[in-house]
Every structure is written in structure tokens, then in C-alpha cells.
Amino acid sequence: MRFRLPFVGYGVSWAQLAWFGHRASGIGVLIYLFMHIVENATLAFGPEVYDFTQTLFRNLPVRLGEILLMAALVYHSLNGLRVIVMDFWPSTTAWYRPLTWGVIASTVIAMIPLSIIMLTPYAPWGP
Amino acid sequence: MAGSRRVWPVEGDPLRRNPSRAAQPRPAQAGRERVMWYFMRISGLLLVLLALGHMGIMHVLVQLTGQEINFAFVLERWGNPFWRGYDLLLLVLALIHGVNGARIIIADYVERGGLRALLTWTLFGLGLVWMLLGILVILTFDPNGAPAIGPFS
């Protein structure tokens, strides 16, 4: 199944999107990792500095970013497992399409409860 | 998926050469590129457990149990050598895995030459500095609670 995307001059398949998603999520997680190491380095300045830094992360926009991070990590993990399986057992390419769909569907399904849990402190139904 | 006619793998199909359609098929010759090809898959397997476990604990379980991440939390967590070793292994594997992935993406989009070399070496330089910073923070943290034992105090 192919469909048109804005700014792309050709039909894009789900397989291409799955591949692009692997790169995009990988770069996203790497950028977060660089930020996370800097944030953790404030531990070296003692409790006041570290605890103040942590308060900067307790708000809705950051939490939405963390949910996006979780989605990127879940997708990258599941798609990475598919890559490993198909690279080491090439006969599984017979299930290329269902496996790719399975990765996308599993990510969406896993993110439903995870998003609800992570959003709870900032949501209307939260504490 | 209408009609379950099997269309692949067929002769000459890219799927046969690069079954998973990952960034690159397994390099034909032995050498650095092939070592990194295996490293990405083996570290990836470990990172599925380490990184998802880390996120599951720090972003889901901590909240479900009503805890808060602050200095006291880190004191307790890194007082345990298991969690300190876990975080160190996660840091080293994730940073190498991520930097190598970014290197492959740069090589895919930037022609061989000066700009590619500049971007790649900048990436390696940043990766090395951040790796040293991360290792230093984990190893020099004093779980006995004396504050400000960092390199700048």
C-alpha cells in the first residue's frame, strides 16, 4: 500500500515509513541522551542544584516530550528486534509485511496505557 | 494485504540482499564495518532490556508508587552497586549505539569528502566528551551523602 505525502514526489510505502521512523526515533533518543547526561551532571553540585534542576522537568510540556521519548524508544526497540530477527533468519522475510504492521500496531497499543499513566499527574483526572 | 500471494523474497529482490531493510546489509568483508554491524544488533538486544527497563522504572513505576526523583532518591538508588553498574552499562552501550547510528545516517546523506569528515569527527568528539562526563558523574557520585564532591567544588 502506497500513499502520497506532502513534499515527497513519489508514493511512500509503510515499509519506507517504518525505516524512516527507525532513524528519526534513533536520532531523537540520542539527542535526549546528550541532554540527560548534562542534566545528571548537576548531581556533582549537590542536592540544592540537583533538586532545583529536577523541578524544571515537572510540567506538562516536558511530560508530553517524555511520552514522545517513550514512544520513540518503544518503536525503535520493537523495530530493532524485527531487524535482528530478519537479519539473522532471512527466511522470516516471508513475513516482512505482517511483522512491520505488528511493530507499528504494538507500539500504538503499548503507548495507550503508558500515555495514560505518564499524563495522570497533569491531567484533569489526575490527583 | 488483499490476496496472500507471496511476492518476496524473489531473485534480485533487495530483500534478499538486505533482508530487514536495515540501514545496511551485513558487510561482505570482515573488518571494522562488519564488527559495528554486529555490535549494533547485539547492543540493541541488550538495550531493549536496559533502556526500556530504565524508562519503565524511572517514568512509570516511580510514578505509580508515588515517589519523586530527587537527590535523596539518587542517593538510595546509586547506593546500590547493581543500579550504578546498570546505569553505567546503559550509558556506555546507548552512547556508542547512538553515535554509530548517527554516523551511518551522516554517511548516507552527506557525500564522501570534507563536510562528511567534519560532521563525523565532530560527532565523535561530542560523543567522547559526553561519554567521559557521564562516566565521571556515575563513578564520582558519593552515596554516603556528602554533597558537592564533584569536579568543580
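**Thoughts on the overall build of chain A**
Line of reasoning, step 1. Scanning chain A from terminus to terminus reveals four helices and two strands.
Line of reasoning, step 2. Shown N-terminal to C-terminal, the secondary structure of chain A runs as helices and strands in the order β-β-α-α-α-α.
Line of reasoning, step 3. Scaling as 2.2 N^0.38, a compact globule of 127 residues should have a C-alpha radius of gyration of about 14 Å, whereas chain A reaches 19 Å, well beyond that.
Line of reasoning, step 4. By principal-axis analysis of the C-alpha atoms, chain A measures approximately 55 × 35 × 30 Å.

**Some details on the interface of chain B and chain A**
Line of reasoning, step 1. On the side of chain A, 40 residues touch chain B, which itself brings 42 residues to the contact.
Line of reasoning, step 2. Of all elements in the fold, only α2 (32–64), α3 (71–78), α4 (81–109) and α5 (114–140) of chain B reach the threshold of two or more residues within the side of chain B that touches chain A.
Line of reasoning, step 3. It is α2 of chain B that provides the largest number of residues to the side of chain B that touches chain A, a total of 11 residues.

**Concerning the packing of helix α1 (residues 14–41) of chain A against helix α3 (residues 60–88) of chain A**
All names here are of chain A.
Line of reasoning, step 1. Where α1 contacts α3, the axes come no closer than 9 Å and their chain directions differ by 130°. The angle between the axes of α1 and α3 places the two elements in the oblique class. Crossing hand, α1 versus α3: left-handed. Of the residues in α3, those in contact with Ala18, Gly21, His22, Ser25, Gly26, Gly28, Val29 and Tyr32 of α1 are Leu69, Ala72, Leu73, Tyr75, His76 and Asn79.
Line of reasoning, step 2. Here the residues of the contact of α1 with α3 are counted per class, giving seven nonpolar, seven polar and no charged.

**With respect to the packing of helix α4 (residues 96–119) of chain A against α2 of chain B**
Line of reasoning, step 1. Running from N to C, α4 of chain A and α2 of chain B cross one another at 60°; their axes reach a closest spacing of 9 Å. As summarised for this structure, α4 of chain A and α2 of chain B are arranged oblique, according to the angle between their axes. Handedness of the α4 of chain A/α2 of chain B crossing: left-handed. Each of Leu114, Ile117 and Met118 of chain A in α4 of chain A lies in contact with α2 of chain B, whose residues at this interface are His59, Val60, Gln63 and Leu64 of chain B.
Line of reasoning, step 2. Of the residues assigned to the contact of α4 of chain A with α2 of chain B, the class counts are five nonpolar, two polar and no charged.

**Digging into the environment of Tyr96 of chain A**
Line of reasoning, step 1. Considering the arrangement of structural elements, one finds Tyr96 of chain A in helix α4.
Line of reasoning, step 2. Considered as a pair, Tyr96 of chain A and Val83 of chain A are 13 residues apart in the sequence and their alpha carbons are 10.0 Å apart.

**Quick notes on the confidence of the model for chain A**
Line of reasoning, step 1. When the pLDDT values of chain A are averaged, the result is 89; 94% of them are 70 or greater.
Line of reasoning, step 2. Mean pLDDT per element in chain A: strand β1 (residues 2–3) of chain A is the minimum at 69, and α3 of chain A is the maximum at 95.

**With respect to the environment of Ile96 of chain B**
Line of reasoning, step 1. For Ile96 of chain B, the position within the fold is in helix α4.
Line of reasoning, step 2. For the pair Ile96 of chain B and Leu128 of chain B, spaced 32 residues apart in sequence, the C-alpha separation works out to 9.3 Å.

**Focus: the confidence of the model for chain B**
Residue and element names in this part refer to chain B.
Line of reasoning, step 1. Scored by pLDDT, chain B comes out at a mean of 84, with 81% of its residues at no less than 70.
Line of reasoning, step 2. The secondary structure element of chain B with the lowest average pLDDT is helix α1 (residues 14–17), at 60, and the one with the highest is α5, at 96.
Line of reasoning, step 3. Within the model, pLDDT remains below 50 along residues 1–10, and this stretch shows nine contacts once partners closer than five positions in the same chain are excluded.
Line of reasoning, step 4. Both confidence scores are given for the complex: pTM 0.86, ipTM 0.89.

**Focus on α1 of chain A**
Line of reasoning, step 1. Look at α1 of chain A: 40 Å from first C-alpha to last across 28 residues, which is about the 40 Å you get at 1.5 Å a residue.
Line of reasoning, step 2. Turning to α1 of chain A, its buried residues are Ala18, His22, Ser25, Gly26, Val29, Leu33 and Ile37 of chain A.
Line of reasoning, step 3. On the buried face of α1 of chain A, the contacting elements are α3 and α4 of chain A together with α4 and α5 of chain B.

Rules and cut-offs
- Residues numbered from 1 in each chain as written.
- Chains lettered and ligands numbered in written order.
- Predicted model: local features only at pLDDT ≥ 70, side-chain atom pairs only at ≥ 80, totals over all residues.
- Helix = DSSP H or I, 4+ residues; strand = E, 2+ residues; numbered from the N terminus.
- Rg over C-alpha atoms; globule rule 2.2 N^0.38 Å.
- Contact = placed C-beta atoms within 7 Å.
- Axes fitted to C-alpha atoms, helices over the stretch in contact; angles between N-to-C directions.
- Parallel < 35°, antiparallel > 145°, perpendicular 65-115°, else oblique.
- Left-handed = near helix turned anticlockwise from the far one by under 90°.
- Nonpolar A, V, L, I, M, F, W, Y, C, P; charged D, E, K, R; others polar.
- pLDDT = per-residue confidence, 0-100.
- Expected span 1.5 Å × (residues − 1).
- Buried ≥ 20, exposed ≤ 12 C-beta atoms within 10 Å, placed from the backbone.

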